[in-house]
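Listed below, chain by chain, are the residues.
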Amino acid sequence: MNLTDFQDRFAELAPAGCYIALRLGFYAPEAELNLFSAEWIDHYTLSGYALADPFLLWCQKSEGHVRWSAFESLGLSKVLLDYHRFGHSYGGVISVQGTPKMPKRSLGVFARNDREFTDAELAELDATLRKIHSFVPQALTEPQIAALRLYSRGILQKQIAYELQISVTAVKGRLRGAADRLGGKTLREAAHVAASRGLL
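Asker: Please explain the pattern of salt bridges as it appears in this structure.
Answerer: When charged atoms on two side chains of opposite charge get close, those side chains can pair. In this structure the tally under the stated criterion is 12 salt bridges. Measuring nitrogen to oxygen at the nearest pair gives 2.6 Å for the salt bridge that ties Glu63 to Arg130. Residue Glu63 is located in the loop between helix H3 (54–61) and strand S3 (64–67), and its partner Arg130 is located in helix H5 (residues 119–133); the two are separated by 67 residues in the primary sequence. Look at Glu63 and you get partly exposed, because its relative accessible area is 42%. Exposure remark for Arg130: the relative accessible area of 28% places this residue in the partly exposed category. The partner of Arg112 in a salt bridge is Asp114, and the shortest N-O contact between them spans 2.9 Å. The exposure class of Arg112 is buried, given its relative accessible area of 6%. When its relative accessible area of 45% is taken as the criterion, Asp114 is described as partly exposed. One continuous salt-bridge network, built from bridges that share partners, spans Arg9, Glu12 and Glu124.

Thresholds, definitions, all that
- Residues numbered from 1 in each chain as written.
- Predicted model: local features only at pLDDT ≥ 70, side-chain atom pairs only at ≥ 80, totals over all residues.
- Heavy atoms only, no water.
- Salt bridge = Lys/Arg side-chain N within 4 Å of Asp/Glu carboxyl O.
- Helix = DSSP H or I, 4+ residues; strand = E, 2+ residues; numbered from the N terminus.
- Buried < 20%, exposed > 50% of the residue type's maximum accessible area, 1.4 Å probe, protein only.

Limitation: the analysis is restricted to geometry and does not speak to function.
Printed below as a string of structure tokens:
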């Protein structure tokens, strides 16, 4: 189970775009999904808004979900004005806090340009993000870890086969099995998740 499994539904509920950071740790999330327009992503990035975004600041201290309109009582900051200027008039924010057992948090910023999110839509987004956040992948086998460790170093599958004294087909099977257990759509995503969890 991963973010891309729900991408179509996120796009349907948030037609103006969304950004989701899954299991955000010390510095980076295990996975991200960004469905905002390239124009908005570039503007947001060049403006350095990530450190000043009131939605992300809210997620640091809060749990649950809230509509963007709740932030307007604080005054429209340049970040919020630019969200509106780029056609993101309505939205919701979801925050899933970590626990002592799993301290990483997940968050989502969802936008519409036509109307407010309904209570049911916000509840669905919240429940979906919590479901993905709490997904615990199966443990990797030692052979899978060995193959994924070499892959994460940029070593080609043919060379991995030579290093591990197995066939290329066996390497592919171990890597695909590791990706499936970690919920990764790609080998690169699986290697990132494994590294973020200290498995490599």
